[in-house]
Amino acid sequence: MRILLVASAFNSLTQRVFVELRDAGHHLTVHLAHGDDPLREAVRSHAPELIVAPMLKAVIPRDVWSQHTCLVVHPGPPGDRGPSSLDWAIHEGAEHWGVTVLRADERMDAGDIWADEPFPVPPVGKSDLYRNEASDAAVRAVLLAVGRFASGTYLPRPQHGPGWDVPDHTRPSFGQDLRRIDWAADRTETVLRKLRAADSRPGVLDELLGQEWYLHGGHPEDELRGRPGELLATRAGALCRATADGAVWIPELRARRRPGGPPTFKLPAVLALGGLLPPLPEVPAPAEPSAHRRTWTDIDYREDGPVGLLRFSFPGGAMSTGHCRRLLDAYRLACARPTSVLVLGGGRDFFSNGIHLNVIEASACPAEESWANINAMDDLVETVLTTTDRLVVAAVGGNASAGGVALALAADEVWCRAGAVLNPHYRLMGLYGSEYWTYTLPRRVGAATAQELTRAALPVSSATAARLGLADRVIEAAPEAFGREAERLAALLAAGPLLQQRIAAKKAARERDEEIRPLADHREQELARMHRNFFGPQEPYHALRSAFVGKSPAPGTPPQLLPEALDPVRRRA
């Protein structure tokens, strides 16, 4: 079926719907909505049989929805209406929520319902929930709605009349007056709900050290205590702040934008405050994770018999120079342990998105920081590639892109959760890419497919990744269950009768590959191109990075999503 995807941005949900509908065999065209007339022109030129809007902040014009079936994805259950559905769900402590696919109509979120799907609400941030449980439910609902539309026999459910028994629950936009934290009175659980409902946008506006900041992210702390509102400690760039009955960790801050000033963006909290921050103790995370502790860490390691489990979770999946070096240190310590299988990852959200563009943007010399960051990523990936005394599994529970995909490909096996979306390319940021992708990508998918993946610059589903050879296993599991399932499968791998033969074969293959072309040669060639990207006067990287970090809206649909770019992909699919 010819489907036009209309969205305000090619965000995580739009990408997820895009790859799932493409995998289902539909003929897709994408239009990023910036004004009514371009949308009308897109509808006229593409003549879609169906219009689907996975994430749309604008209103579809009446002359479009009255002449075409337009299915809008609303991140709330039937009867819920308004622009801040997930914010309200988290704020009110909902344990279950839903996604509704409804037809665009005169009233916002009030059209006939084509499908709806429930999902659980774990105690996580809004962006994590949106990318995972909500995304899973949205895809189920979209595929069901599209199938019902294609049948030509299904009658959608009107949100009115005698058959409608759900109360109209229209709520306003969730403003900062509702998000405000009263540090003197609010208990930890209240503070966490407010922080989680604002993550990653818009953040909670607060005063800190005499200035206004948006707080991003929130995690409980069960031991540190102090005067409510007091800053207690730092850990790996995050701040610990006392509540009325405990404390919370806040990983990131964003300065409030001054009128007429440049856009502001999220940074690790300690880096954002810079010289404003008074001396605070750096409190390390517990050496080993414990079920009895409620505290935050972005890297942890534990063992289960012959299986080592090295988990990491960095906000937004971005890995700064410091993140890479700390993860490399943790990886080396894990490799010093007597295990035969090492699982890298296994968290429920982003695996990795490569270098940290926000930290680079904030640095005194972005080119130099870019160079330091990519070399730190290369050091980490090289160490994974040259681990020959055990099997390494990359457990990709959430989305990954650019250098994050390359990090996963350095492992012996890549296991993806069924909902993960991979973007195995760099060129949209004006980069050639490094992390040894010129070695790992072709050895998995072949030279021709590697060239096409990096040229097309399109996302792929976990199922397509497995079909192409990017992934070895797709794990059908809920986000909360992915890590446990990866651990179970790793234990089976470690107990397999051929494990030692596989480790020996891996070591021999690495030695043969090194004789044919040393890893150092791949790194040198990649970094030569990256150096030009970072330091060349005519290179687009710095402008593209600044636009990305500042969230400058795209002037239209990006070139890689235009019909002429998608048509060759369709023919090969």
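Our subject is the structure that appears above.
Our subject in this report is the structure included herewith. (Residues numbered from 1 in each chain as written. Predicted model: local features only at pLDDT ≥ 70, side-chain atom pairs only at ≥ 80, totals over all residues. Heavy atoms only, no water.)

**Things to note about helix H19 (residues 519-535)**
Here is step 1 of the chain: Under the 1.5 Å per step criterion, the end-to-end length of H19 is 24 Å for 17 residues, consistent within 8% with the ideal 24 Å.
Here is step 2 of the chain: Taken together, the buried positions of H19 are Leu-519, His-522, Arg-523, Glu-526, Leu-527, Met-530, Asn-533 and Phe-534. All buried residues of H19 fall inside an arc of 110 degrees around its axis, so they share one side.
Here is step 3 of the chain: Against helix H12 (366-385), helix H14 (437-445), helix H18 (499-516) and helix H20 (541-549) lie the buried residues of H19. (Helix = DSSP H or I, 4+ residues; strand = E, 2+ residues; numbered from the N terminus. Expected span 1.5 Å × (residues − 1). Buried < 20%, exposed > 50% of the residue type's maximum accessible area, 1.4 Å probe, protein only. Arc of directions from axis to C-beta. Contact = heavy atoms within 4.5 Å.)

**Considering the packing of H12 against H19**
Here is step 1 of the chain: It is the contact of H12 with H19, at a shortest axis distance of 10 Å, that shows an interaxial angle of 160 degrees. Classified by the interaxial angle, the pair formed by H12 and H19 is roughly antiparallel. Pair H12 / H19 crosses with right-handed handedness. Side by side, H12 and H19 meet where Ala-367, Glu-368, Ser-370, Trp-371, Ile-374, Asn-375, Asp-378, Asp-379, Glu-382 and Leu-385 of the first sit next to Leu-519, Arg-523, Leu-527, Met-530, His-531, Phe-534 and Phe-535 of the second.
Here is step 2 of the chain: Within the contact of H12 with H19, the residues separate by chemical class into nine nonpolar, three polar and five charged. (Axes fitted to C-alpha atoms, helices over the stretch in contact; angles between N-to-C directions. Parallel < 35°, antiparallel > 145°, perpendicular 65-115°, else oblique. Left-handed = near helix turned anticlockwise from the far one by under 90°. Nonpolar A, V, L, I, M, F, W, Y, C, P; charged D, E, K, R; others polar.)

**A short note on the side chain of Arg-81**
Here is step 1 of the chain: Positionally, Arg-81 belongs in strand E5 (residues 80-81).
Here is step 2 of the chain: At a separation of 3.5 Å, a polar atom in the side chain of Arg-81 contacts the main-chain carbonyl oxygen of Asp-109.
Here is step 3 of the chain: Polar contacts involving the side chain of Arg-81 include one to the side chain of Gln-159, which spans 3.1 Å. (Polar contact = N/O pair within 3.5 Å; in protein donor to acceptor, adjacent residues only side chain to side chain.)

**Let's talk about the sheet that holds strand E22 (residues 413-417)**
Think of a sheet as strands paired side by side through backbone hydrogen bonds, with each pair either parallel or antiparallel.
Here is step 1 of the chain: Strands sit in the order E17-E18-E19-E20-E22-E25 across an open sheet of six strands; the sheet is mixed. Every other strand in the sheet has two partners, leaving strand E17 (299-304) and strand E25 (473-475) as the edge strands with one partner each. The mean angle between the axes of side-by-side strands here comes to 20 degrees, regardless of whether they run parallel or antiparallel.
Here is step 2 of the chain: Strand direction decides the pairing type here: strand E20 (residues 391-396) and E22, joined by four bridges, are parallel. Its bridge partner lying in E22, Val-396 is registered against Cys-416.
Here is step 3 of the chain: Across the sheet, helix H17 (residues 479-495) lies against E17, strand E18 (307-312), strand E19 (341-345), E20, E22 and E25, angled at about 150 degrees from E22, the strand it touches most. (Pairing = 2+ DSSP bridges.)

**Observations concerning the environment of Pro-172**
Here is step 1 of the chain: Considering the arrangement of structural elements, one finds Pro-172 in the loop between strand E8 (169-170) and helix H7 (176-179).
Here is step 2 of the chain: Classification of Pro-172 as exposed rests on a relative accessible area of 54%.
Here is step 3 of the chain: Counting along the chain gives 166 residues from Pro-172 to Val-6, while the straight-line C-alpha distance between them is 24 Å.
Here is step 4 of the chain: Residues contacting Pro-172, with those up to four places away along its chain left out, are Pro-83, Ser-84 and Trp-88.

**What to know about the pattern of salt bridges**
Here is step 1 of the chain: Counted according to the given criterion, the structure contains 44 salt bridges.
Here is step 2 of the chain: With its nearest N and O atoms 2.8 Å apart, the salt bridge here joins Arg-256 to Glu-212. On the criterion of sequence distance, the pair formed by Arg-256 in the loop between strand E15 (252-255) and strand E16 (267-268) and Glu-212 in strand E10 (residues 211-216) is long-range, its members being 44 residues apart.
Here is step 3 of the chain: For Glu-212, a relative accessible area of 40% gives the class partly exposed.
Here is step 4 of the chain: Across the salt bridge formed by Glu-485 and Arg-488, the nearest N and O atoms sit 2.6 Å from each other. Linking Glu-485 with Arg-488, this pair stays in helix H17, spanning three residues, or about one helical turn.
Here is step 5 of the chain: Within the structure, one salt-bridge network assembled from shared partners comprises Arg-16, Glu-20, Asp-136 and Arg-417. (Salt bridge = Lys/Arg side-chain N within 4 Å of Asp/Glu carboxyl O.)

**Concerning the packing of H14 against H19**
Here is step 1 of the chain: With their axes 8 Å apart at the nearest point, H14 and H19 run at an angle of 115 degrees to one another. Accordingly, the angle class assigned to the pair H14 and H19 is roughly perpendicular. Facing Trp-437, Thr-438 and Tyr-439 of H14, the residues of H19 in contact are Leu-519, His-522, Gln-525 and Glu-526.
Here is step 2 of the chain: Residues belonging to the contact of H14 with H19 are distributed by class as follows: three nonpolar, three polar and one charged.

**Side note on the sheet that holds strand E24 (residues 460-461)**
Here is step 1 of the chain: Pairing within the open sheet is mixed, and its three strands lie in the order E21-E23-E24. Of all the strands in the sheet, the pair left with one neighbour each is strand E21 (400-401) and E24.
Here is step 2 of the chain: Summarising the sheet, strand E23 (residues 421-423) and E24 pair through two bridges and their orientation is antiparallel. Residue pairing in the sheet places Leu-422 in a bridge with Val-460 of E24.

**Comments concerning the pairing of E20**
Here is step 1 of the chain: Among the six residues in E20, six count as buried, and that is most of the element.
Here is step 2 of the chain: Burial along E20 is two-sided: the residues Leu-391, Val-393 and Ala-395 and Val-392, Ala-394 and Val-396 are all buried.
Here is step 3 of the chain: The sheet contact formed by E19 and E20 spans five bridges and is parallel. Paired with Leu-344 across the bridge in E20 is Ala-394.

**Some points on the nonpolar core**
If you look at soluble globular proteins, the nonpolar side chains tend to sit buried side by side.
Here is step 1 of the chain: Core analysis: the biggest nonpolar cluster contains 84 residues, and Leu-253, Leu-310 and Leu-407 have the highest contact counts within it.
Here is step 2 of the chain: Setting aside residues no more than four positions away along its own chain, Leu-407 makes contact with Phe-312, Met-319, Leu-344, Phe-351, Ser-352, Leu-380, Val-381 and Val-384.
Here is step 3 of the chain: Counting 43 residues, the second largest nonpolar core, distinct from the first, contains Leu-13, Val-19, Met-55 and Val-421. (Core = buried A, V, L, I, M, F, W, Y, C linked by side-chain atoms within 4.5 Å.)

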